[in-house]
Amino acid sequence: MRTGRPTAQARQSPPPSADGQRLGPRQVRELLNISPPPNGVTSGGASAGMSNAALPLLEYRPYGPLERTARTPNTTASTSGALNTTASSIRSNPRGYRIARPPDVIAPSLGDNTVDLNEFDGYRKIKRNLKCTTDHVEELTQMFQQAGRRRSSASAASAASGYDSDGSGSIDFERMQQTRTQRLQQEISNAYAEISERDAAYRELQAEMDEEIERRGDVEDELDIVKAENLRLLEQLQHAMNEANGLRAKLDSTRRQLELANEELRQADAAKQAIIEEARRSGFGAAKDGDPFSDDAAQKNVFQRLRDTDAADDKKEVEMKKNLEKAWRKRAIPQARHRRLGPSPTQISILKSRADKEKEKAPEGKLALVFTDIQGSTNLWEKLSERMHVELAKHNDTMRALIKEWKGYEVKTQGDSFMVAFSDVTDAICWCLAVQLALMECHWDPLLDGLPDAKKRVVFDKTLGREIKIWNGLRVRMGLHYGIPICQLDPTSGRMDYFGPMVNQSARVQGVALGGMISLTPEVKVEIDMKRIPANLKPRFEDIGTFTLKGIENPVQLQQILPVTLGSRLEDFSKLKDDDKQEKEAEYMRGVPNGSVTVVFCEVDGEEQLKDQHAAVYTAALNVYLSEIRCSATVLGGYVSRIEGSRCTVVFQVPGVAFRYAMELQEQMNNASHWPDALLTLPGCESVVVENTTVLTGLRVKIGLHTSECTADYDSVLRKALYFGEAVTVAALLSNDARGGETQITNVVYDEVADHLLDTFVLGHQGMTFDGVPHTLDGYYCFPKSMPERANYLMESEVAVVGGQHRGAGNAKAVAAPVGHVSLVFTDVQNSTLLWETDEKVMADSVKMHHVAMRAGIAKFRGYEVKTEGDAFMVAFHTSGDAFRWCLYMQERLLHLDYPPPLLAYDDSKEVKVRDAIVWRGLRVRMGVHVGCPQCEVDPVTGRMDYYGQMVNKAARVSGLAKGGQISLSEDVHKEICGELREMGNPEVTFGGEAALKGIKKKVGVYFALPHNVRARQGILNPPPPEPAPGSPSLGVGDDRDDDSESPSRPSTGPTSRRRSEVGDSSASPSNSPSNKVKRKRGATLKSTGKAAKKGDELNLLEENDSADIGGIGKMVADRLDGPKLPEAPTGRVAISFTDIQNSTLLWENCSTMRETVTYHHKLMREGIRKFNGYEVKTEGDAFMVCFYRTVDGIGWCLHMQRVLLEAHWSSELLAMSDARTERDGSGRVYWNGPRVRMGLHVGEKPDLGWEQDECTGRMDYYGRMVNKAARVSSLGKGGEIVISQDCLDELRAADPADLQGCTYTSVCIGEKKLKGIEQAVTCYSLVDPEFEARRDTWEAMVKAAAPPKKDEVESLFEKYQAEIKRKEEDRKRAPTGDVTIVFTDVQSSTKLWDTNANMMKRAVDMHHEMFRRLIQRMGGYEVKTEGDAFMVAFHNPTAACKWCLTVQKELLEEKWPEELLDLELCQEQRDENERMIWRGLRVRMGFHHGPMDATVDPTTERMDYYGPNVNAAA
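Residues numbered from 1 in each chain as written. Predicted model: local features only at pLDDT ≥ 70, side-chain atom pairs only at ≥ 80, totals over all residues. Heavy atoms only, no water.

## Concerning the environment of Gly473
- Inspection of the secondary structure puts Gly473 in the loop between strand E9 (466-471) and strand E10 (476-483).
- Separated by 32 residues in the primary sequence, Gly473 and Glu441 have C-alpha atoms spaced 9.1 Å apart.
- When sequence neighbours within four positions are dropped, the list of residues in contact with Gly473 reads Trp444, Leu448, Asp453 and Ala454. (Helix = DSSP H or I, 4+ residues; strand = E, 2+ residues; numbered from the N terminus. Contact = heavy atoms within 4.5 Å.)

## Remarks on the pairing of strand E39 (residues 1134-1141)
- Across the 8 residues that make up E39, a large majority, 8, are buried.
- Burial along E39 is two-sided: Val1134, Ile1136, Phe1138 and Asp1140 and Ala1135, Ser1137, Thr1139 and Ile1141, pointing in opposite directions, are all buried.
- Pairing between E39 and strand E44 (residues 1237-1244): 8 bridges, direction antiparallel. Within E44, the position partnered with Ile1141 by the bridge is Val1237.
- Pairing of E39 with strand E41 (residues 1183-1188), which is carried by 5 bridges, proceeds in the antiparallel orientation. By the bridge assignment, Phe1138 is partnered in E41 with Met1185. (Buried < 20%, exposed > 50% of the residue type's maximum accessible area, 1.4 Å probe, protein only. Pairing = 2+ DSSP bridges.)

## Observations concerning the sheet that holds strand E6 (residues 409-414)
- Pairing is mixed across the open sheet formed by 7 strands, whose spatial order is E6-E7-E5-E10-E13-E15-E14. Since the sheet does not close on itself, it has two edges, and those belong to E6 and strand E14 (539-547), each with one partner. The sheet shows a mean angle of 20 degrees between the axes of neighbouring strands, taken without regard to direction.
- Looking at chain direction, E6 and strand E7 (residues 417-422) are connected through 5 bridges and run antiparallel. (Axes fitted to C-alpha atoms, helices over the stretch in contact; angles between N-to-C directions.)

## Some words on the side chain of Ser846
- Tracing the chain through its elements places Ser846 in helix H20 (residues 840-860).
- Relative accessible area serves as the criterion here: at 0%, Ser846 is assigned to the buried category.
- Within the local environment of Ser846, its side chain forms a polar contact with the backbone oxygen of Val842, the two atoms lying 2.9 Å apart.
- Apart from residues lying up to four places away in sequence, Ser846 is in contact with Tyr899, Pro900, Leu903 and Leu923. (Polar contact = N/O pair within 3.5 Å; in protein donor to acceptor, adjacent residues only side chain to side chain.)

Right under this line is the structure:
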């Protein structure tokens, strides 16, 4: 295509006059005083002369390359691409007129390929000649002007001297000027002649360019033809795909027909067999010689039926073969006559892109997250606003190409930042290394080289021995972390999003890096497989130090990794760090407490022992402890200065806040749900329960507080402020002196926190001196007001000295549970029931003291507390000597407790003296000791060792023989300790005879004992006289009677002597004792081994009605051992249930807390089994097999367990898994939480069911078809679903609804199911709690995902894609363009809130997101993207944005936040002086900016995205 040429009129435009009018040739000549041109000289300049009219053409510009705007004739191209080099302008004559230039000759272009005239050698030569000519013309013009000035000067001089122009001495200046003018005119004419010749050369060049344009146009035409051919081929491909889909559908149909035919064949075979069986059973009964077909008529009938059946089968088989052959022939025949259907080529590409995205699998569970950012991007946008979007596109294309290559998942982008997830750490590392190398090879705009943040740099690398390029263009910093984030689909983009503490740490790690650096955490380093990294990406690692990341209190050791070829960057990184170090340190120190501070020092009691003996469990518990330390400090504004093991130093500016922190920390540490279950079984960490109140559990934390002036120094290694001074020293010493679970403060703190002491329990103080502290300080023991039991327990405990440090006896080294040969002691408080009824408050205080003293003694004598019930203890010892010593010690220790005065006024607990020696005072405890080999088993609920069997039963019965204040010993115990009595202080031990104990066939020899110092009790208790030698008369017992006597009577000896014996009450009680209100029970006979007494004199020690006399835990154990430990194994018609956790294998692989999860799951399941009288048959991994007497109990158990599992407290790591995360329905009600357990139930009896006792486990096991069917029914369910058979549902409907114990259900028939190994189909039903009805949607989605697509679904797939594309296009049309208002939002201190309670924060963020999106839609906004709890929203104008922000702030105050969130200081409700609410719940900061925004469609999310300087300003 030819471009437009300048017209002659345009080329010969005259110069403008002073008043703006154009001057003609005459006017120009008059002004310049130039004569007309000679004849024959034209304006074209062909002859030697040249018209003066050509003078306006003196200024000339050469041709330049231009971009073509259209390929149509008579179209002038734009002048934007003119050559930069132009001829210098020839200025005007002395009068100041400028001579105009002719229009440019425009060079055409083809497409995007501009024709550059510099490519032609002839053009460059003409260009140089033109430059010389124009310079010469300028020189001539200047000479002309100088001549004019000289002429004027000469005329003036002549006039002054008196010379006349006609005189003899005159100078003919006019002639001289005319001559000079003619000469100049000739030279100018010659110059214009040369210009005209060169103009002709230009015209020839233009012709050549036109030919080139035509040639290139032909190429474009050919390209169009190729494109059209490609489109035609794509359409043919789509047609072939449609035919293939049709054939595939036909093939599927044929396969189904084949399956139906095979099924019919099987039915025919069954019919044949039925005919034969019928023939055998029917008229052939009179067969001869054993031949069933001896009856000819019947035989013919049978054979005829068989032949008919065979014929029908043959016919069906032939028909089926024909259909298959027909289908096979059609498969290979192209159907050209079919109408062309399907999408266009453009739609095909869209579908392919969509299919690629569908294949993209977002990683879940443990994964590597990479955050990237361009260094100095804001400055780059401001300096290169017109070119930066092009450079950013290069950056994005490079990143995305490599993401696909290294199997990454692009989560989102924000401006120039990327968030990418990898399921494999090595792939993530390779991607980062490849990106750094690829960015070095990009062709960046040369303007970037002039900016500090993108300057190119080449250095000599000593390692490689050559110069290498280490910086070029954009510098991208990257950060990697490996862990388990919380995964959730973004409802706007439809892509997986990640959030939680792991994501926060990943972002912080990236923030540490500099441009061009890749920083990573230790979790990433250990997972890298160096063998898989390609040689061209060979990495180099370098430590970059320990960093305290924002929101993460524990310092993190970071490394950097770079390709070896870029290793020289490390020197640049070091220089940048040193320049910035001092400024950051000063800024950091300004934000920490200083001056007079309160130091809180915390440590775990018994840390070294736990670390040495139980390292794994202790490490897990230590993480929980440190997390609470940090979270609580963050919430209350404390500064965690140092952490060494369990020893933590936390600094507060205000003493009252520090004291509150210590009290709240002790309460948090006493929450058993925080600790791993395995920890609670370790010595020194078990739960201590007093009166149904947990006194201590888990790690025992010791805390010390002191306030004084301290100095703070910045530690460059830890990157934290370390404190030195009196407060740190004293707080550490106080913590060291405290007992586990105790907080000690000084009087300095006490005086400052007087207002806070109302909520605490302060026990007392003591004077203390410390090394280096010149004054004496008073110390106070403080406990939260909610823990008075702990105060009593610790303060009443014996203080054991261990390693020179005082520790509470309750926290002394605990012993392992005895096994094998064990001594058991049962204790009980005499008449405790009556004392409780008389004065409950006094008795409560007394029992607390009793428990404190008992446990202190247990620790002192290395006992093992098995369990307690009320005031009764069951204690196990390794030796009988330890057991008896403990009993003697406790009988004396109980005399000296500080009982409440009202207790000592009662007859059953008053003080009794004998010869000025106290023999009774306070509670009177009876004790019994027996030794043997019990059966030992860890209780799955409490996690503590439990004992059962005949030996335990005997120990309980022996304890029932003693009276309050007395110790009963079995004969076996006496044999073991008789040689040690002198060492034990010569206690008073007497033989009481042989006793017939309930449930024990043989009689047991019993001894009674008292400590030596209280042996005077023997006279009060009326013990029997010493046992006579064998053969001496026996002791008898009188008949039952009421005992109303005021004083005991001494028994007489002899065969008929009788004594008063009572189990559970003191026979020494005066008449005003509360015990006199109770009738005495039947007495007991202790028979001597000599003669046989009369039958009437021999009574069992405990009759049927005497069982109530065994106090406390002794009765509990005896009653338990009289029957089975668990409900007896059901027999007859029973219901069997199978359960297991959905996708447990995946959870085990990706969740490190799965072991604790399964342990907790087992505990909950077993509690439910006991509640519904079930029988645990066996477990395998996380699967249970449970048997029930009644179907209704089994279904009730299943419904109950689904609710219990939902309400349980699971670990945050487990809840981050997709198969265990928390989900809510539309009303906000939780219907998924934790592991999803599927359950199945079936009922049956013999002959389908059999049972026998397993020889290994001793438990009943079940087998048979009924068990098989129950297992198959269970396998039909999905996680969280209960599937039952028809028989179970019938029995459930016939049962009393009350038997479900409050559980409700809805049932849905899921049809008849053909179960493996079961001949007949089974009708099954799905049960679910009505509150969890939303689970059915999840199950339906799982069924649809697993089922193959139906024909109509395949046909509608394209329509769905089209609808989605249309929806996204309409959504993008709503996005504002041009001048846009961008709003950025963020939740204040969200990292701290996530660390405090991840589950709570997850619910709060969901509510936050739902409210934001509702208001965005209502107010016409456009949600651009989200990142965690941050939003980026676009509006058409600032008014709408401002209105939305104000509405959001108001709605945030009215949102129904979780109560746990509102309890945090960062989210508490606050009001102003007028009682108007100003804070409540999450605090969201917002910022917005208005201006022109660069917009583009994000290729990943397919949503509109914005970037540029104005977006940076908004952020």
